[in-house]
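So you can see what is in the structure, the chains are spelled out below.
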Amino acid sequence: MGNILEMRGITKRFGPVVANDGIDLEVREGEIHALLGENGAGKTTLMNILYGLYQPDAGEIRYKGKPVTITDPNRAIELGIGMVHQHFMLIPPFTVAENIVLGHEPGSKTRLDRAGAVEKVRALSQEFGLKVDPTARVESISVGMQQRVEILKALYRGAELLILDEPTAVLTPQEVQELIGIMRRLVEQGRTIIFITHKLKEVLRIADRVTVIRQGRNVATLDISGRGAPGPVTPPTEAELAALMVGRAVSLKVEKGPAKPGEPVLEVEGLECLGSRGLPALKGVNLTLRAGEILGIAGVDGNGQTELIECLTGLRRPTAGRIRLRGQDITRLPVRKRFELGLAHIPEDRQKRGLVLDFTVAENAILGRHYRSPYCRLGVMAWQQVTAHAQRLIRDFDIRPPLPGTRAGSLSGGNQQKLIVAREIDKEPVVLIAAQPTRGVDVGAIEAIHRRLVAERDRGRAVLLVSLELDEILALSDRIAVMYEGRIVAEMPAEEATEETLGLLMAGGTRSGAEGGVAR
Amino acid sequence: MTGTVETRDPSRSQDQGRPQGRNRLRALLIEALVPIIAVVVALLIGLIFIAITGRDPAKAAEALWVANFGSRRAIGEALVSVTPLIFTGLSVAFAFRAGLFNIGGEGQYIVAQLAAAVAGYAITGLPGWLHVTVAILAGALAGGLWGAIPGLLKAYRGVHEVVNTIMMNYIALYLANYLIANYLKAPGALPVTPEILPTARLAQILPPSRLHTGLFLALGAAVLVYLLLWHTRWGYEIRAVGHNPRAAEYAGIDVPRNLALAMLISGALAGLAGTVQVLGVQRAFYDPVGGFVGYGFDGIAVALLGRNHPAGVVLAALLFGILDRAAPTMQAMAQVPKATIWVVQATVILLVAADQIIRSLFKRRREVAAR
Ligand SMILES: Nc1ncnc2c1ncn2[C@@H]1O[C@H](COP(=O)(O)OP(=O)(O)O)[C@@H](O)[C@H]1O
Ligand SMILES: [Mg+2]
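Note that this is a predicted model, so its numbers are computed, not measured.

Visitor: I'd like a rundown of the sheet that holds strand S6 (residues 81–84) of chain A, residues and numbers included.
Guide: All names here are of chain A. Here six strands make up an open sheet; going across it, the order is S6-S7-S8-S3-S9-S10 and the pairing mixed. Looking along the sheet, the strands with just one partner apiece sit at the ends: S6 and strand S10 (217–223). The mean inter-strand angle of the sheet, taken between neighbouring strand axes irrespective of direction, is 20°. With four bridges joining them, strand S3 (residues 32–36) and strand S9 (residues 209–214) adopt parallel strand pairing. The partner of Ala34 across the bridge, within S9, is Val210. With respect to the sheet, helix H8 (residues 238–246) is in contact with S3, S9 and S10, its orientation differing from that of S9 by roughly 35°.

Set out below in structure tokens:
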């Protein structure tokens, strides 16, 4: 197989930032080529250049053997290059079909041939096995569906080389599985895919080859699947990929000794509540969390995890049941009281809940404790203390840039998350509720956050870890509970849990009695 | 505003935790750049407009000068028209910091005028300093109450404050018409309350102009608003609620209470605009039979131009007050239609608004990219 694309010495600067620093990239026809790198490595910039959104400061692009200048996305589309952005560019009130044909509508200049559009989209969706309902409005379909619409849109415009920018970031595990199927089908039909990610597992699972980008440079291009390779290949390990990506050896395994569980500190009995749509979301949850242990809650998104956390932290009213923190009933207490009694909370959505993006790092560093001495005395803010506090967190957690006056919204996702984790751990809580503590965070920051959570456990704190990533649950937890449809359907010591059993339970299966432990 | 990428030397990490920290001056200058450009461009457009309609721009400029700076009296009178704009500008800016859009300034202004006037003529036997204080408080309280009603409805019932503040404007207007017509009118033909007692007056400070101590109250209010927003716990909470109510809730901040409180204070500030007009200038409540006087609405423009910052509000009020004062003189001296001034004011607002729309789009894009 020949190269469909060659990019040579691509350089792109944004002011003082060198986003791409002489990157070479070769993509073979018909392969799935992963572009791996941490947040900010320059992956999106490189692909935006390929798609004609930016002009490179230096370097050349050869497409199908010919040198090309891609002045704008229209030129890219003409060449057969399509891109699905990290954030979709669909028009919500329009139907699926309307969105797909937009810009290249069938019909006359003045009239849109709606039926024709629907027909075309239906044919296209059959051809590629991408199931969509052409007449549904985009605003009413799931994120996974919207992504398919974006892919179909690119295919409709004749894309032969398809760029997917972090396509799995927004998907549930099942949707990821389906996306992989779609990608495989597309390459079978002769398309080529460039697939951006910062997740190591996905690279090894999906890609034929990978190019690792670090700080705007291509640090390696490696064979993974062996498809199209001249000889037999030994794929890299996760650890090798991680080291290339981060630039130093990273430990992917969490080092932790056995837990020494103490007193029960958080007890939940028969907790029930309604979800945002008014339907029962929790249907009698029972849990006990002990000091000095990490209890992991596994489950597919939308099985009541969010509501459980909100009930525990005081953001949602339970309709029945009882929550006790160190023996005291906190079921009806407001958020602030719970914090004063020793609860801390790393929320699952850092941008919507965890931070005030327009506040500075320092202002965010006291969020929740802002009314207390030493940050506030007699109602007056003590900014020097606040700044000093922020500087301490910045130092302890290596938050970058190390400037308390930076706007929190301008930090990278990983640094935003480190700021939240730092703030919550610094509260010295009795119980730390960590919801998706590493979602969308790069490998270096994941390592740091995991180590801190284990350290907190070792200091006798109780950690309730809620995560959609089974790997994370398995790596950190001492005990694991599985949530399914608003209930805890199983609980087991971490040693007894395997990916298979958990996966089965998460999907609503039952546990064979042979494995011991009590199911429900 | 600085970009996403901090390129400063990290060893200089002593910078403050607040945006108004050590780099205050630089940050302020950058903040002020667009409003200043907007004003210059708008004035140029005004001059060109005057020239192409066949009038003399030099004469118009002279009129603007004479009206505002030509004499001791002119300076005083210019500041008389600036004073209420400072209050209404602060009112809108304060609400905005809590994420609320208070367009009820007109109504808050009217009820405050009524309350201050009644307190000014009906209460007798108080020493001067006490009487004027009571009258000021009466006005602030009435305005505050008028703001708090939509504030409470927003906070606890989720009704949008824009709709309710507009309705409250009309309620205030017709309530004033009704009360004057039936109960509060002074003897005589004019729809006006009796004059306030001398003890309730704000002292004049620059005779022969009508400039009064209300100017100091306005400047004091600007300082207080600044301190409240950036140096107290309540200000921190109000700003947190304004930027991200869900994060505020997560942090244990009582979001509805802060919303209601912000509207109360915002209403009181707009109310003070009316109060000082009654106690310092009008000496009585004149029934606004012809409709709203416009200080409340102008406050929106002033806050926008002043970037919702108290210092910016004071400067923007100065500009708008000066332009307002200039309009009649320009008409008389240079035959320039009064509407020319409105063109200038509107251009300023359009430019500043366009800038903010563009900025917010860019900010969103950058943040999306950073995720
Ligand atoms: N339009 C832009 N303006 C300024 N800086 C940018 C712009 N786009 C990207 N950058 C910067 O370039 C670097 C690489 O960004 P990006 O290509 O988005 O990384 P990735 O996709 O690998 O996470 C980052 O430091 C980012 O802040
Ligand atoms: Mg990216």
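Here the narrative resumes, following the displayed structure.
Visitor: Residues and numbers for the site of ligand 1, please.
Guide: Residues and elements named next belong to chain A. Taken together, Phe14, Val17, Ala19, Glu38, Asn39, Gly40, Ala41, Gly42, Lys43, Thr44, Thr45 and Tyr54 are the residues near ligand 1. In the model, an oxygen atom of ligand 1 is placed 2.9 Å from a nitrogen or oxygen of the Gly42 main chain. Here an oxygen atom of ligand 1 and a side-chain polar atom of Thr44 are 2.6 Å apart. Relative to its unbound accessible area of 560 Å², ligand 1 is 73% covered by the protein chains. Of the residues in the shell around ligand 1, the class split is five nonpolar, five polar and two charged.

Visitor: Quick rundown of unusual backbone geometry? Include the residues and the values.
Guide: Phi is mostly negative for residues that are not glycine, and the peptide bonds are mostly trans. For the bond running from Ser373(A) to Pro374(A), omega is 5°, close enough to zero to count as cis. Looking at where Pro374(A) falls in the secondary structure, it is placed in the loop between helix H12 (361–365) and strand S17 (376–377). For the peptide bond that leads from Pro207(B) to Pro208(B), omega is 10°, which places it in the cis range. Locating Pro208(B) in the fold gives a position in the loop between helix H6 (161–184) and helix H7 (214–231). Positive phi, close to 45°, is recorded for Glu166(A), a residue that is not glycine. If you trace the backbone, Glu166(A) turns up in the loop between strand S7 (161–164) and helix H6 (173–188). Of note, the phi angle at Glu428(A) is positive, near 50°, even though the residue is not glycine. Checked against the element boundaries, Glu428(A) lands in the loop between helix H14 (413–426) and strand S19 (431–435).

Visitor: So, the sheet that holds strand S16 (residues 343–346) of chain A: which residues are in play, and what are the values?
Guide: Residues and elements named next belong to chain A. The six strands are arranged S16-S19-S20-S13-S21-S22 in an open sheet whose pairing can be described as mixed. Both outer strands of the open sheet, S16 and strand S22 (487–493), are each paired with one neighbouring strand and no more. Adjacent strand axes in the sheet meet at a mean angle of 20° when their direction is disregarded. For strand S13 (residues 294–298) and strand S20 (residues 462–466), the ladder comprises four bridges, and the chain directions are parallel. Across the sheet, Leu295 pairs through a bridge with Leu464, a residue of S20. Here helix H15 (residues 443–458) sits on the sheet in contact with S13, S19 and S20, set at roughly 130° to S13.

Visitor: An account of helix H5 (residues 143–156) of chain A is needed here, citing residue identities and associated values.
Guide: All names here are of chain A. With 14 residues, H5 should reach 20 Å at 1.5 Å per residue; the first-to-last C-alpha distance of 20 Å fits that figure. With twelve of its 14 residues buried, H5 lies for the most part within the structure. Residues of H5 that are buried include every one of Gly144, Gln146, Gln147, Arg148, Val149, Glu150, Ile151, Leu152, Lys153, Ala154, Leu155 and Tyr156, and no others. One or two steps after H5, the chain reaches Gly158, where phi turns positive at roughly 85°.

Visitor: Lay out the domain arrangement of chain A in plain terms, naming residues and giving numbers.
Guide: For chain A, the assigned domains are domain 1 (1–80 + 160–250), domain 2 (91–158) and domain 3 (264–342 + 429–514). Here domain 2 of chain A and domain 3 of chain A have C-alpha centroids that lie 40 Å from each other.

Visitor: Help me get a handle on the nonpolar core, residues and values and all.
Guide: Ranked by size, the top nonpolar core spans 149 residues in total, and within it Ile86(B), Phe87(B), Leu90(B), Leu279(B), Leu305(B), Phe320(B) and Met330(B) carry the most contacts. Setting aside chain neighbours within four positions, we find Phe320(B) in contact with Leu85(B), Ala301(B), Val302(B), Leu305(B), Gln345(B) and Ile349(B). Counting residues in hydrophobic clusters, the runner-up holds 51 residues, among them Val138(A), Phe195(A), Leu200(A) and Val212(A).

The rules behind these values
Residues numbered from 1 in each chain as written. Chains lettered and ligands numbered in written order. Predicted model: local features only at pLDDT ≥ 70, side-chain atom pairs only at ≥ 80, totals over all residues. Heavy atoms only, no water. Pairing = 2+ DSSP bridges. Helix = DSSP H or I, 4+ residues; strand = E, 2+ residues; numbered from the N terminus. Axes fitted to C-alpha atoms, helices over the stretch in contact; angles between N-to-C directions. Contact = heavy atoms within 4.5 Å. Near = heavy atom within 4 Å. Polar contact = N/O pair within 3.5 Å; in protein donor to acceptor, adjacent residues only side chain to side chain. Areas by Shrake-Rupley, 256 points an atom, 1.4 Å probe, with all protein chains shown as cover. Nonpolar A, V, L, I, M, F, W, Y, C, P; charged D, E, K, R; others polar. Expected span 1.5 Å × (residues − 1). Buried < 20%, exposed > 50% of the residue type's maximum accessible area, 1.4 Å probe, protein only. Domains from an automatic or database assignment. Core = buried A, V, L, I, M, F, W, Y, C linked by side-chain atoms within 4.5 Å.

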